[in-house]
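Structural characterization, general
Residues per chain, in single letters:
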Amino acid sequence: MYILGINGGLRQGYQDVSAVLVKDGGIIAAVEEERLSRVKSSAGRLPYLSVLEVLNIGGITIEQVDELAFHGSTWNGFDDKLEKYFNRNFGYCPSVKKHHHHDCHAASAFYASPFQNALIISIDGSGDGISLQISVGKGSEISTIYQAERPNSLGIYYTMITQYCGFIKDRDEYKLMGLSSYGNRNAFTFDWLIDFKDGELILDQDYLVEILPGQPAPHRDEMMYNTKFIEKFDQPGRIPKSPISEFYKDIAASAQYHFENLLLKIAEYFVQQTGLRNVCLAGGSALNCVANQQLMNADFVEGIYIQPASSDAGISLGAAWLSALEHCQQPKAPSDTYLGSLYSNQEIEKILEACHLSYKKLDDPAMTAADFIAQNKVIGWFQNAMEFGPRALGNRCILANPCHREIQNIVNQKIKLREGFRPFCPSVLEEDTTLYFEGKQTVSPYMTITYDANEFAQQNIPGVVHVDQTARIQTVNATDNPLYYSLLRYLKQKIGHGVVLNTSFNLSHEPIVCSPRNAIATFFSSGLDALIIGAYLIEK
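Computed from a prediction, not measured in an experiment: that's the story for all the values here.

Reading the values: rules and limits
- Residues numbered from 1 in each chain as written.
- Predicted model: local features only at pLDDT ≥ 70, side-chain atom pairs only at ≥ 80, totals over all residues.
- Heavy atoms only, no water.
- Axes fitted to C-alpha atoms, helices over the stretch in contact; angles between N-to-C directions.
- Helix = DSSP H or I, 4+ residues; strand = E, 2+ residues; numbered from the N terminus.
- Parallel < 35°, antiparallel > 145°, perpendicular 65-115°, else oblique.
- Contact = heavy atoms within 4.5 Å.
- Nonpolar A, V, L, I, M, F, W, Y, C, P; charged D, E, K, R; others polar.
- Patch = residues over 30% accessible without salt bridge, like charges linked within 9 Å, V, L, I, M, F, W, Y side chains within 5 Å.
- Areas by Shrake-Rupley, 256 points an atom, 1.4 Å probe, with all protein chains shown as cover.
- Salt bridge = Lys/Arg side-chain N within 4 Å of Asp/Glu carboxyl O.
- Buried < 20%, exposed > 50% of the residue type's maximum accessible area, 1.4 Å probe, protein only.
- Disulfide = S-S within 2.5 Å.
- Expected span 1.5 Å × (residues − 1).

Quick look at the packing of helix H4 (residues 101–110) against helix H10 (residues 315–326)
At a minimum axis separation of 7 Å, H4 and H10 run at an interaxial angle of 90°. Classified by the interaxial angle, the pair formed by H4 and H10 is roughly perpendicular. Contacts from His-101, Asp-103, Cys-104, His-105, Ala-107 and Ser-108 in H4 reach Ile-315, Leu-317, Gly-318, Ala-319, Trp-321 and Leu-322 in H10. Taken together, the residues of the contact of H4 with H10 break down into seven nonpolar, four polar and one charged.

Here it is in structure tokens:
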């Protein structure tokens, strides 16, 4: 049985548009619309290109899909719009099943996790009128035990601070998290704005613009906070792209610290209520890897799993799995996130020829990549199937030498074209993780949790250690990604460390590259030294 899970919507607030094809509970393909449309997050749209792509990967037609799974269970009249959209664009619409937004988030995390029983925290701005949902997963069953209604939302709170610090709503929250490491975490308190007391999450709406029930969330260009919020600090919000003063660094640090404390309070409260010490997280706010570190290391948590596609892109997966369960098909967790578009060497070579490019065919792309990186060159790395989720995990990456002390500035300024305060992540051989990084769980394959970098790491791989001496790591083994693992093994022979600086293969505010043409265009419009694409090498 084929189920097509989709995410999207016809309002600006519905973003991270995606499509997932599931057969008998197992994932055939998962693709985000932005990778194909080249429009970041594809907000306010329904999936089109991603639907075509997952059907193509699965080798089926739309008529072979048995059910279309979607979120928006509270959206009256939307079934008709979906039917018209699919009939118009694909010539056929399968039967439609809508699920609750946060049920989809919860399913995407729990059924992908290694746990048989777990506490599930779904946390974001809002979806289907809910901003926080606590569920219990036992076997194949998920039951909801608590919901916080919008606008009582940690996601909205974090977005308000993101905007106040001069960044863009629903896009730049990760920048606030990166900036927070540069400020004083105790400079300000935020319990007056949002707090968790007696089992309830409450945000003081006096500081928030009015959002009526059923009304769409404000546009990205509209402020979430009001004049009373500004008066609280006696200072206007930072003008975007202006210099960042110590004041805004302290605001970011204090707001992040409060977010962490609230997440810990919420988790501990419901761990005590349920007795479940394994925790699963999903929702856009679950991508706060700094807060996830605090939760991972908490005494009351035994194990933690964060859905790698925690943003609304993961809604399509959760919806498909919920529909599968209704048809008595058990969700089957994927072994990795490499679920997207795949290009053969023959296809890549045809494109290189069509672009009239000089190239060299390589016997061992991983060894050549390690040679370039050891020479302090920065390369584009395009291999195998594309990742699902916001992180480049070894197949659509920009790679560099982590031992180079100036590499962060070089990649930020000459290649990524982004703010200098933003850190880079290390990919590390799984067996070497504890040589450099400290955390309760020694395996972290999805860059969803930061770890403390020990003194050895600070001295030897400074290019991937943030200013607060942490790093958001990806552990790599030979089973999940053999080629990338080989690259790290070669690199260890050459520089003494099985670690590489890994950042997503894209320029600032662009989606991660999907196709060979995307990779070639990004290569020639940036300061990259070389591109290794499949079995081929391109240099400038």
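Structural notes on the packing of helix H5 (residues 154–164) against helix H8 (residues 246–274)
If you want to describe how two helices pack, look at the angle between their axes and the distance between the axes. Running from amino to carboxyl end, H5 crosses H8 at an angle of 175°, the nearest separation of the two axes being 10 Å. If you check the angle between H5 and H8, you find them roughly antiparallel. When H5 is examined against H8, the residues Leu-154, Tyr-157, Tyr-158, Ile-161 and Tyr-164 are found in contact with a partner set consisting of Phe-247, Tyr-248, Ile-251, Ala-255, Gln-256, His-258, Phe-259, Leu-262 and Ile-266.

Some remarks on a nonpolar patch on the surface
Together, Tyr-48, Leu-49 and Leu-52 line one region of the surface with nonpolar side chains, adding up to about 220 Å² of accessible area. Within the fold, Leu-52 resides in helix H2 (residues 49–58). Judged by its relative accessible area of 36%, Leu-52 is partly exposed.

A word on the environment of Val-39
Here Val-39 is to be found in the loop between helix H1 (33–37) and H2. Placed 122 residues apart in sequence, Val-39 and Ile-161 show a C-alpha to C-alpha distance of 25 Å. Residues contacting Val-39, with those up to four places away along its chain left out, are Glu-34 and Pro-511.

A look at helix H17 (residues 516–524)
Taken together, the buried positions of H17 are Pro-516, Asn-518, Ala-519, Ile-520, Thr-522 and Phe-523. On its buried face, H17 is in contact with H1, helix H11 (345–354), strand S14 (379–382), strand S22 (530–533) and strand S23 (536–539).

Looking at the state of the cysteines
All chains considered together, the criterion is met by zero disulfides. The cysteine Cys-425 is free of any disulfide, with Cys-289 supplying the nearest cysteine sulfur at 7.1 Å.

A few points about H10
Given a rise of 1.5 Å per residue, twelve residues ought to cover 16 Å, and the 17 Å separating the end C-alpha atoms of H10 matches this to within 8%. Considered for burial, the residues of H10 that qualify are Ile-315, Ser-316, Leu-317, Gly-318, Ala-319, Ala-320, Trp-321, Leu-322, Ser-323, Ala-324 and Leu-325. On its buried face, H10 is in contact with strand S1 (2–7), strand S2 (18–23), strand S3 (26–32), strand S4 (67–70), strand S5 (95–98) and H4. Downstream of H10 by one or two residues, Cys-328 has phi in the positive range, about 65°.

That is the geometry; function is a separate question.
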